[in-house]
Structure formats: C-alpha cells, structure tokens
Amino acid sequence: MPCCNENDAHLQHARGRQARMLWIVLAINAGMFAVEFGAGWLASSTALMGDSLDMLGDALVYGLSLFVVARSGHWKALSAGVKGLFMLGFGLLVLGEAAAEAIAGQAPQVGVMAAVGGLALIANLVCLALLTRHRDDDVNMRSSWICSRNDLFANVGVLGAAALVALSGSLWPDIAVGIIIAGLFLHSAIGVLRDARANWSQPTASLSEPQAGYR
C-alpha cells in the first residue's frame, strides 16, 4: 500500500508539472497569435499570417492538453486526434492564403516580416525547451511537442521569405514559404492522426508509449 501511495503521489506531481508547463506555453502562443496576426495583416504577408494562425492553433491545442493531462489514455489519444485535425485545417488555410496573395499580387512589407518573425522564433524556442523534457511522457505531450517543433520550421521560413523578398522585390518567396509551411503541417497532421488512431486502439496500459509515425 505505501508503494501504491508513493506511485500515486509521483503521478500527481508529474501531472502538476505538465499542467504548469502547458499554461506557460499556452500564454506565449496566445500572445504571439495576436502580435503575428496583426503584423501579418498590416504587412500583407502570407507566411506571417500562416504562422500566426499556427500560434492560435497551438494555443487551442495546449488548452486541450490541459483538459486531458489527468485523464485516461483514451482521452489523450482523442486530444492528439483533435490536434491533428487542427494541423490539417491550418495547412489547408495557409494554402488558401497563398492563393489569395498570388491573385492580389501585392508584395509583403519586409521589415515587419523580419522583426515579428524573429520575435516569434524566440518565443517558440522557449516553448520547445519547456516541452522537450515532457515529450515522451505520453501521446498527448508528444503531439504538443510536435506542434512546437513545427513552429520553428515555420519561423525560419518566415525569416527566409523576408530575406528573399528584400533581395528580389518579388512576392513569390512569401508565397512559396506559405506553401511549404502548409505542406509541413499537412504531413505532420497525417502522422499525428495515425498515432492517435493507433493509441486509441491499444489497451489502456500501453497508451503512454509514443508511436513512430511522426518522429
């Protein structure tokens, strides 16, 4: 019985650490969504607006993670599935934004893209560092880590697009990066959904083991 009590206390402590960390990354992503979306709108940048929508998606994702952090493995697999659907939706949304920019033919404002993209990169590095120590806890935390990792690719893409737009004076680098970001999230969404489905079908005791589908 004492051993069981110690295990329960350890589990509660681990869940408490997960919850505190998720609240921090939730606040960071929600704040950065507001900053990036406004800046992307003003700068007419598809890449920046796509990254801002990803920030919003991550904030919603971390909210779901907080909801299931103390729940069963099936709830965690369900949360991972919802995250995968968010990622799928945002990938398609960025594709739509890229098409709209190509039709409008307006080049983005490079200075705003670079400044806000750099700020977003710093914010996401902080989030990734916080999530990395928990990424192998269960499928819920693993999918949260993947969302943060994808943010870094998107941030670097925004900065690269800003540099190329500045050098070429063309809007196409911004559009190209938007399409690449969309492809990344569509690919990751498929992996997360596959992992969630596999964990949902496993016995409860095995649901904490991460799958290899989106490593």
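That block above? That's the structure.
The shown structure was predicted, so the numbers you read here are calculated from the model rather than taken from an experiment.

Enquirer: Give a detailed account of the overall build of the protein, specifying residues and quantitative values.
Expert: Broken down by element type, the protein carries six helices and zero strands. Starting at the N terminus and walking to the C terminus, you meet the elements of the protein as α-α-α-α-α-α. Here the protein holds 215 residues, and 47% of them are scored as buried. Excluding contacts between residues fewer than 6 apart, the proportion of contacts in the protein whose partners are at least 24 apart in sequence is 77%. Split by element, the accessible area of the protein, about 9,800 Å² in all, is 70% carbon and sulfur.

Enquirer: Got a sec to walk through the packing of aromatic side chains? Specific residues and values, please.
Expert: The full count for this structure, using the stated rule, is two aromatic pairs. Three or more aromatic residues joined by ring pairs make a cluster, and in this case those are F33, F37 and W41.

Enquirer: Could you give me a rundown of unusual backbone geometry, with the residues and numbers involved?
Expert: Its identity as a non-glycine residue notwithstanding, S44 has a phi of 55°, on the positive side. If you trace the backbone, S44 turns up in the loop between helix 1 (2–43) and helix 2 (46–68). Look at S44 and you get partly exposed, because its relative accessible area is 22%.

Enquirer: Go over helix 4 (residues 110–132), please, and point to the residues and values.
Expert: Along an α-helix, a turn takes 3.6 residues, which lines up residues three or four apart on a common side. For helix 4, with 23 residues, the first-to-last C-alpha span of 32 Å sits near the 33 Å given by 1.5 Å per residue. Taken together, the buried positions of helix 4 are occupied by M113, V116, G117, A120, A123, N124, C127, L128 and L131.

Enquirer: Any chance you could break down the nonpolar core for me, citing the residues and the numbers?
Expert: By size, the foremost hydrophobic cluster in this structure holds 32 residues, and its most contacted members are M21, L22, V25, Y62, M87 and L131. Within the residue set of this core, elements represented by two or more residues are helix 1, helix 2, helix 4, helix 5 (139–168) and helix 6 (172–201). Examining the composition of this core, we find that nine residues originate from one element, helix 5, more than from any other.

The rules behind the values
- Residues numbered from 1 in each chain as written.
- Predicted model: local features only at pLDDT ≥ 70, side-chain atom pairs only at ≥ 80, totals over all residues.
- Heavy atoms only, no water.
- Helix = DSSP H or I, 4+ residues; strand = E, 2+ residues; numbered from the N terminus.
- Buried < 20%, exposed > 50% of the residue type's maximum accessible area, 1.4 Å probe, protein only.
- Contact = heavy atoms within 4.5 Å.
- Areas by Shrake-Rupley, 256 points an atom, 1.4 Å probe, with all protein chains shown as cover.
- Phe/Tyr/Trp six-rings, centres within 6.5 Å; stacked < 30°, edge-to-face > 60°.
- Expected span 1.5 Å × (residues − 1).
- Core = buried A, V, L, I, M, F, W, Y, C linked by side-chain atoms within 4.5 Å.

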